[in-house]
Amino acid sequence: MRKLCALFLALLWGAAVICGNAAAGPQEQQAPSKAPQTSPGAPAAVKPDEAKKSEGPKPGEEKSFDEVVKDMEVIHGLFTFYRKADENKLLLEILPGQLEKVFLIAITMDKSVGERGLYSSQQFGDGPFLLHRVGKSVQMVVKNASFTAAPGTPQARATERSFADAIIASAKIQSKPHPERKSILVDAADIFVSDLPNFGTNLNQAFFPSSYHFDKADSSLGTVKAFPNNVLLEVLLHFATDNPRTFSMALTDPRSVPVVMKYDLSELSETGYRPRVADDRVGNFHTIQQDFTSDRPSDPILRYIARWQLEKADPSAKLSPPKKPITFWLENTIPVEYREAMTAGVLLWNKAFERIGYKDAVVVKQQPDDADWDPADTRYSTIRWFAGVDATFAIGPSRVNPYTGQIYDADIGFSEGLVRFTRRAGEEMVGPVSLEPPSALRMSAPWLRSMQAECSYGRDLQEQAMMSLDIIETRGMLTPEVEAKLMREFLVEVTAHEVGHTLGLRHNFHASTLLKAEELNNVALTEERGQSGSVMDYNPLVLAGKGEKQGHFLPTTLGPYDYWAIEYAYSQVDGDEKAAIGKIASRAATPELAYGTDEDALGTYSPLAIDPLVNQFDQGTDPLAYFRTRVAIIQELWQSLDTKLARPGEGYQIMRSAASRGLREYNRALLTSSKFIGGIYHYRDHVGDPNGRAPYTTVPAAKQREALEFLRVNAFSEKAFQISPSVLNHLAIERLPGLDVQAYFTAQRIDYPWLEQVLALQRGVLSRLYHPVLLGRVADNELRFVPNEKVFTMADLFHGLDGAIWSELDAATPRISPIRRGLQREQLKQLTHLLLRPAPAPGGSPPVGISLQAPPTPRAPEDATTLARASLVALRGRIRTLLGTPKVTDATTRAHLEETVARITSALDAQLQKTLE
C-alpha cells in the first residue's frame, strides 16, 4: 500500500512539474530548457553564446539606458518619456520610487462612435494602479480598493493576501537600469496601445451580434503631455470585424471602428484632506470599503462621502473665499447663445456655499478658442459639448479618490441633441412607437466602475419640454419670448442638476413635494423658497392649466434640501466632527428636507417601490392632484392636434410625435398614481432625531381609494383615451429617409397603432397592481392601520378593478368597444395567472462571471389566488346571466363575452386539476 501511495505521489509530482513548466504564472520564471540534440546529417546547432553574438544585444539584456534613448526627444513630467516621432516610438522611464507606488488613472473617451452610448468627450472610468516589476517585465496592476485595514497591522497583511488585484497590461524592459537613477525603460505602447479600458466589450454589446476585436497593428500612440503632477497620453485604438452584422447610422464602414482614448496618470498626493463619513439621511455619493482592522464594530464598512477639498482662505472669517475654488471651464465647443444660462446654472450653488461661510466657492471660466490645454487633463473640470445621432442627454460624472472620497476632477457632458430636440427641431425618426422615450445605452469599463448611477434627467426633461411647447402652441401662446424663457430655465435647471452630481450629491426624488399644486405657478413663492425642495430631483416642467397664469416652468433657484446637503458635505468643522455633522443630519424629519433617492424610487414604476411620494417627474405635496391637472392638459393636446399644431408647408410628423409624448406622459401619471395603492411612506430618521418618525407609515385607506378612483376614471373608463378620427388620421410619419434607413424601410406600421399603445399602458398599470410583491404589501398593510381606521384590503382592490373594467355588464344595451375588449382580456389573463400560481420564474440569467442565481420572482399570496378565483367565478356568472337575455345585440360584443366564459371555465378547470401545494 505504501509503495502504491509513493508511486501515486511520484506521478502527481511529475505531472505538477510538467504543468508548472507549461503554464508558469506571470511572476514565475521558467528554467531554461536544454539545447536540442542534433540528429545525424543535420546541420550543427548554433550554440547559445554564438547566437547572442550573431543577433546582437537584445532589449533588456545588454543595451545601456543611454544607448536606447539616444537621439530621442525627452519629455519631462510626473513620468519621463523618450520619443522618436518618425518611428512612433515612445519609451517610459520608471524610477525605483515609482514602482509599487499607487497612482490614479483617468480615462476619457475623446473620440468615439457617435451612437448607442459610445460618444465623445465622456469619462470612461478611473481607478488606482501601480507598476510592478517581475523579472524583465513591468506589469500595470489595478488595485483593489474595496478592502482595507490599518497599515502595519497583522490584519493589513492578511487583507493584502486575501483579495486580488488585476493585471491589465505588461511591458518588457528595454535596457539596463540607468547607472545613476537606477530607473528602467519600457515601451509605452506595450501598456497603452491595447484595449486597456475594455472598450471592445462595450462595442460588442452595443453592436451585437457583430463581433469586434482589438486591432493592434492599426493602433498607435498620439500626443504626450507631461506635467509635474500628471501626464496625459493620447492613444488611437482601432477595432475591426470581417463580418459586421448590425446596421450603423454613424460608422463610415462598420468593419472599422477607430476611437481615441486619453489616459491621465496622476499622483495620489497628500493634501491634508479629511474624509467625511456618509449618513443615510442625506444624499451624497460615497466610496465604500470593508475595514478588517477589527472584528468588534457591528458595521465594518467605511463610507466616505464624495466632495471637493474646500478650505477657507481666512478660517476665522464669517465669509471667506476658498483657498482654491471649484472651477468649471465651459468648453469652447459650447454654442455662444447657451453659455450664459449654463453659467447661471453652475453659479446657483454659490448660494448654498455662502450660507456656510464660503464666498465664490464655485467659479466658471470660458476656455479660449485657442486654448492649448486639453479637457481630458484632470487639472481642469469642464462642461463639454458633444454630438451623436441618438444622443439626447446630459451627464455629470466626477472622479474620486477611492480611499478618501476626495473629488479631483469632473467633466459634465451636454449632447447637442438635448437642446435641438427640446426646440422640436429634430427629425421625427421612424421607429417602433413606445411608451418609453428613446434611450442611449450607458457604457463603462467594468474594472473602472463608479458608484454614480445613470442620470437620465436631461433626456426625460427634454420630452416634457417638447410636450409643453406643443401645448403652448396649440393654445396660441407660443412667442419667441416664451420659448426663450422656457429654454433658459431648461438649461439652468439641467446644468444645476448635473453640477450638483459633480459636487457629490445624489438624486432626491422626494424633494418635489415642497409646494401645494396651487402654489407651483406663484412666482413670488417659487423664487423665494424654490419650486422644488431640490434641483437634484427629476423636477417636471410645470405647465399651468388652460386659462391659468404661467409661472416658472422649472426651478430657477436652489431648494431647502440643497442648502442642507451642501452644509452636511462642506461645512467647516472644528472639534468633534462626528457630533457636528450628526447634528446637521438629525434635521432629517424637517418636512422641507424630505429625501429619497434611486433605490427608493426604483425607476418610479417598479412594484418594489413603496413610497408614493418618491417619484421622478411628479410635483406638489399631493401627486394625485398634480396628475389630475396633467391628464387634463394631455387630453387638451389630443383634442387640438389636427387643428392647432399643423404648420403650412410642413409634414404631419410633428403631430405624431406630440401624440406619442402625450401617451408617455399619461403613462407616467397612471403608474405613479398607482403607487398609493399598497403604498408605505418611508422615512430615514434615526433614533432620537427631533420630531423623528417611524421608518414606515401606511398610506391611509382613504388615499388608496382615491388613487383607485383616479385609475378607474383615467385608465379604465370608456372615456379615458378618446381620440377623434380626424386626429388619428393625421398622425403620419416622415416620408423621407434619414440616417436610420434600416428603420425607415422596415417599419411594420406607418399608421399609428393607438389601440396597441393604449393596451400597453393599461397592461402596465394592471401588472403593477397584480404584482405578487405589491399584493403581499397590501396584505401586510392590513396589520399596519391604526385602530378604528377603515382599512384598505386586497378585496377592495380586486372588487374595485372588477367594477371599473367590466362596467358594461350593467348597461341596458351593452356594447364593448375595441379598447375595452383589450383591457378586459388583459385583466382575464392576469387573474388566470394568479389563479393557477405557476412555479416562480428565475430572475433571469446571471451576468457573465457571476455564478449565483438571481432571486426568483415571488409567488402571490394565497389570498390573491382566492380572490382571483372569486372574481372569475362572479364574472362568469354575470356574463352567463347577461347572455341569457336579449340585451347583447352587438355581434362582436357577444362573441367576446362567450369567449370570456370559455376562458374562465378552462382556467377554473385547470386549477382543479393542479396538485395541492
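Bear in mind the structure is a predicted one, so any value in this text is a computation, not a measurement. (Residues numbered from 1 in each chain as written. Predicted model: local features only at pLDDT ≥ 70, side-chain atom pairs only at ≥ 80, totals over all residues. Heavy atoms only, no water.)

## Some points on the overall build of the protein chain
Item 1. Check the secondary structure of the protein chain and you find 26 helices and 23 strands.
Item 2. Scored against the burial criterion, the 917 residues of the protein chain give a buried share of 52%.
Item 3. Of the contacts made within the protein chain by residues no fewer than 6 positions apart, 74% connect residues no fewer than 24 positions apart.
Item 4. Carbon and sulfur atoms form 55% of the exposed surface of the protein chain, whose accessible area is close to 42,300 Å². (Helix = DSSP H or I, 4+ residues; strand = E, 2+ residues; numbered from the N terminus. Buried < 20%, exposed > 50% of the residue type's maximum accessible area, 1.4 Å probe, protein only. Contact = heavy atoms within 4.5 Å. Areas by Shrake-Rupley, 256 points an atom, 1.4 Å probe, with all protein chains shown as cover.)

## Side note on the confidence of the model for the protein chain
Item 1. The predicted model of the protein chain averages 88 in pLDDT, with 87% of residues at 70 or higher.
Item 2. Contacts from residues 438-453, a stretch scored under 50 in pLDDT, to residues over four places away or in other chains number 46 contacts.
Item 3. Scored below 50 in pLDDT, residues 841-854 makes 9 contacts in the model with residues more than four places away or belonging to other chains. (pLDDT = per-residue confidence, 0-100.)

## Some words on the pattern of salt bridges
Item 1. Taken as a whole and judged by the stated rule, the model has 49 salt bridges.
Item 2. For Asp 295, the salt bridge identified is with Arg 296, shortest N-O distance 2.6 Å.
Item 3. Assessed through its relative accessible area of 65%, Asp 295 is described here as exposed.
Item 4. Where Glu 665 meets Arg 630, a salt bridge forms, and the shortest distance between an N and an O atom there is 3.0 Å. Of this pair, Glu 665 sits in helix H17 (residues 653-673) while Arg 630 sits in helix H16 (residues 623-644), placing them 35 residues apart in sequence. In this pair, the class of Glu 665 matches that of Arg 630, namely buried. (Salt bridge = Lys/Arg side-chain N within 4 Å of Asp/Glu carboxyl O.)

## A short note on the nonpolar core
Item 1. In terms of nonpolar packing, the biggest core is built from 162 residues, with Trp 349, Phe 353, Phe 414, Phe 716 and Phe 798 touching the most fellow members.
Item 2. Residues contacting Phe 716, with those up to four places away along its chain left out, are Leu 711, Val 765, Leu 766, Leu 801, Ala 804, Ile 805, Arg 820 and Leu 823. (Core = buried A, V, L, I, M, F, W, Y, C linked by side-chain atoms within 4.5 Å.)

## Thoughts on the pairing of strand E9 (residues 184-187)
Item 1. Burial along E9 is two-sided: Ile 184 and Val 186 and Leu 185 and Asp 187, pointing in opposite directions, are all buried.
Item 2. By the bridge criterion, 4 bridges tie strand E3 (residues 89-94) to E9 in an arrangement that is antiparallel. What sits directly across from Leu 91, in E9, is Asp 187. (Pairing = 2+ DSSP bridges.)

## Some thoughts on the packing of aromatic side chains
Item 1. Counted by the stated rule, this structure contains 31 aromatic pairs.
Item 2. Among the aromatic residues, those joined into a cluster by ring pairs are Trp 638, Tyr 666, Phe 721, Tyr 752 and Trp 754.
Item 3. Over the ring of Phe 227 we find Arg 379; its NZ or CZ atom is 3.7 Å from the centre of that ring.
Item 4. A cation over an aromatic ring shows up here: Lys 703 above the ring of Phe 676, its NZ or CZ 5.8 Å from the ring centre. (Phe/Tyr/Trp six-rings, centres within 6.5 Å; stacked < 30°, edge-to-face > 60°. Lys NZ or Arg CZ within 6 Å of the ring centre and 35° of its normal.)

## As for the sheet that holds strand E1 (residues 73-75)
Sheets are built from strands paired through backbone hydrogen bonds, the pairs being either parallel or antiparallel.
Item 1. One open sheet accounts for 4 strands, arranged E1-E2-E3-E9; its pairing is antiparallel. Of all strands in the sheet, those bounded by a partner on one side alone are E1 and E9. Adjacent strand axes in the sheet meet at a mean angle of 25 degrees when their direction is disregarded. (Axes fitted to C-alpha atoms, helices over the stretch in contact; angles between N-to-C directions.)

## Considering the side chain of Gln 406
Item 1. Checked against the element boundaries, Gln 406 lands in the loop between strand E20 (398-400) and strand E21 (407-415).
Item 2. Beyond its immediate stretch of four places on either side in the chain, Gln 406 contacts Thr 271, Tyr 273, Arg 307, Gln 309, Arg 399, Val 400 and Asn 401.

## With respect to the sheet that holds strand E14 (residues 286-291)
Item 1. Here we have 3 strands laid out as an open sheet, ordered E7-E14-E15, and mixed in their pairing. Of all the strands in the sheet, the pair left with one neighbour each is strand E7 (147-148) and strand E15 (301-305).
Item 2. Summarising the sheet, E7 and E14 pair through 2 bridges and their orientation is parallel. For Thr 148, the partnering residue across the bridge sits in E14 and is Asp 291.

## Considering the environment of Ala 874
Item 1. Along the chain, the position of Ala 874 falls in helix H25 (residues 862-883).
Item 2. Taking the C-alpha atoms as reference points, Ala 874 and Asp 802, 72 residues apart in sequence, are found 9.7 Å from one another.

## Notes on helix H21 (residues 754-769)
Item 1. Its 16 residues place the ends of H21 23 Å apart at the C-alpha level, agreeing with the 22 Å of an ideal helix rising 1.5 Å per residue.
Item 2. Looking at H21, one finds that the buried residues are Trp 754, Gln 757, Val 758, Leu 761, Gln 762, Val 765, Leu 766, Arg 768 and Leu 769. (Expected span 1.5 Å × (residues − 1).)

## Remarks on the packing of H21 against helix H24 (residues 818-836)
Item 1. Where H21 meets H24, the closest approach of the two axes is 10 Å, and the angle between their N-to-C directions is 35 degrees. Here H21 runs over H24; the crossing is right-handed. Residues Trp 754, Leu 755, Val 758, Leu 759, Gln 762, Arg 763, Leu 766 and Ser 767 of H21 form the contact with H24, whose participating residues are Pro 818, Ile 819, Gly 822, Leu 823, Glu 826, Gln 827 and Gln 830.
Item 2. Of the residues that constitute the contact of H21 with H24, the class distribution is 8 nonpolar, 5 polar and 2 charged. (Left-handed = near helix turned anticlockwise from the far one by under 90°. Nonpolar A, V, L, I, M, F, W, Y, C, P; charged D, E, K, R; others polar.)

## Overview of the environment of Val 224
Item 1. Mapping Val 224 onto the fold places it in strand E11 (residues 220-226).
Item 2. On a C-alpha basis, the gap between Val 224 and Phe 81 in space is 8.5 Å, while along the polypeptide they are 143 residues apart.
Item 3. With residues near it in sequence (within four places) discarded, Val 224 still touches Ile 75, Phe 81, Arg 83, Leu 90, Leu 232 and Leu 233.

## What to know about the packing of helix H10 (residues 457-474) against H16
Item 1. It is the contact of H10 with H16, at a shortest axis distance of 9 Å, that shows an interaxial angle of 60 degrees. Comparing their axes, H16 and H10 come out oblique. Our pair here, H10 against H16, has a crossing hand that is left-handed. In contact with Gln 464, Met 467, Asp 470, Ile 471, Glu 473 and Thr 474 of H10, H16 contributes Arg 630, Ile 633, Ile 634, Glu 636, Leu 637, Ser 640 and Lys 644.
Item 2. For the contact of H10 with H16, the per-class residue count stands at 5 nonpolar, 3 polar and 5 charged. (Parallel < 35°, antiparallel > 145°, perpendicular 65-115°, else oblique.)

## Looking at helix H22 (residues 772-781)
Item 1. Counting buried residues in H22 gives 7 out of 10 residues, a clear majority hidden from the surface.
Item 2. Among the residues of H22, those classed as buried are Pro 772, Leu 774, Leu 775, Gly 776, Arg 777, Val 778 and Asn 781.

## Brief notes about the pairing of strand E16 (residues 326-330)
Along any regular strand, the residues point their side chains to alternate faces of the sheet.
Item 1. The buried fraction of E16 is high, at 5 of 5 residues.
Item 2. Residues Ile 326, Phe 328 and Leu 330 line one face of E16 and the alternating positions Thr 327 and Trp 329 line the opposite face, and both faces are buried.
Item 3. In terms of strand pairing, E16 meets strand E17 (residues 362-366) through 5 bridges, oriented parallel. In the sheet register, Ile 326 faces E17, and the bridge partner there is Val 362.
Item 4. In this sheet, strand E18 (residues 381-386) lies alongside E16 in parallel orientation, the contact comprising 3 bridges. Paired with Trp 329 across the two strands is Thr 382, which belongs to E18.

## Describing unusual backbone geometry
Item 1. A cis amide bond, omega 10 degrees, links Phe 208 with the succeeding residue Pro 209.
Item 2. You can see Pro 209 is positioned in the loop between helix H6 (199-206) and strand E10 (213-214).
Item 3. The backbone phi angle of Lys 182 is positive, close to 60 degrees, even though this residue is not glycine.
Item 4. Here Asp 360, not a glycine, exhibits a phi torsion of approximately 55 degrees, which is positive.
Item 5. Position of Asp 360 among the secondary structure elements: in the loop between helix H8 (350-355) and E17.
Item 6. By relative accessible area, which is 40% here, Asp 360 ends up partly exposed.

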